[in-house]
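Take a look at the letters that make up each chain.
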Amino acid sequence: GVKSLIESNFKSIIYLNLTRNSVEDKGIYYLSQCNFKNLKDLRLSYNGITDAGIENLINCDFNELEYLEIEGNDITDYGFELLTKCNFKNLIGLD
């Protein structure tokens, strides 16, 4: 699962597609522990992610992230409000 990504050697990864992989909030927590400094494109659609997952996601150190896909999850207005406070300064696309 996502937990194994923490220990991976994929430090230079720029694209990660986890769409429809049952990541859920726990997986987002593990993802937030990953050291993907070069990640530009993250796709997390249809994974049962809630506002709690978004709270972990906005703490990720993904400074280069340009595109975030999170459609089809259980995110409320509160979760989207959290996203407006994230540290993704290069974000140009949100789906």
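Model, not experiment: these values are computed from the prediction. (Residues numbered from 1 in each chain as written. Predicted model: local features only at pLDDT ≥ 70, side-chain atom pairs only at ≥ 80, totals over all residues. Heavy atoms only, no water.)

Undergrad: Hey, could you run me through the nonpolar core in this one?
TA: Where a protein is soluble and globular, its nonpolar side chains tend to be buried together. The biggest cluster of nonpolar side chains holds 27 residues, and the ones touching the most others in it are Leu-31, Leu-42, Leu-44, Ile-54, Leu-57 and Phe-62. Breaking this core down by element, the ones donating at least two residues are helix H2 (24-32), helix H3 (51-57) and helix H4 (77-83). Ranked by residue count, the leading element in this core is H2, at three residues. Discounting residues that sit within four places of it in the chain, Leu-31 has contacts with Val-2, Leu-5, Leu-16, Phe-36, Leu-42, Leu-44, Cys-60 and Phe-62. (Core = buried A, V, L, I, M, F, W, Y, C linked by side-chain atoms within 4.5 Å. Buried < 20%, exposed > 50% of the residue type's maximum accessible area, 1.4 Å probe, protein only. Helix = DSSP H or I, 4+ residues; strand = E, 2+ residues; numbered from the N terminus. Contact = heavy atoms within 4.5 Å.)

Undergrad: Help me understand the pattern of salt bridges in this model?
TA: Opposite charge on two side chains lets them pair, provided their charged atoms get close. Within this structure, the stated rule accounts for five salt bridges. Glu-66 is the partner of Lys-40 in a salt bridge, and the nearest nitrogen-oxygen pair spans 3.8 Å. With Lys-40 in the loop between H2 and strand E2 (41-43) and Glu-66 in the loop between H3 and strand E3 (67-69), the pair connects residues that are 26 residues apart, well separated along the chain. Residue classification places Lys-40 among the partly exposed positions, given a relative accessible area of 33%. On the basis of relative accessibility, which here comes to 30%, the residue Glu-66 falls in the partly exposed class. Of the charged contacts in the structure, one is a salt bridge between Arg-43 and Glu-69, with a shortest N-O distance of 3.3 Å. With Arg-43 in strand E2 and Glu-69 in strand E3, this residue pair connects regions lying 26 residues apart in the sequence. (Salt bridge = Lys/Arg side-chain N within 4 Å of Asp/Glu carboxyl O.)

Undergrad: Help me out: how do you make sense of the sheet that holds E3 in this one?
TA: Within a beta sheet, neighbouring strands are joined by backbone hydrogen bonds and run either parallel or antiparallel to one another. Sheet architecture is open: four strands sit in the order E1-E2-E3-E4, paired in parallel fashion. One side of each edge strand has no neighbouring strand; the edge strands of this open sheet are strand E1 (15-17) and strand E4 (93-94). The sheet contact formed by E2 and E3 spans three bridges and is parallel. Residue pairing in the sheet places Leu-42 in a bridge with Leu-68 of E3. (Pairing = 2+ DSSP bridges.)

This is a description of form; function is not addressed.
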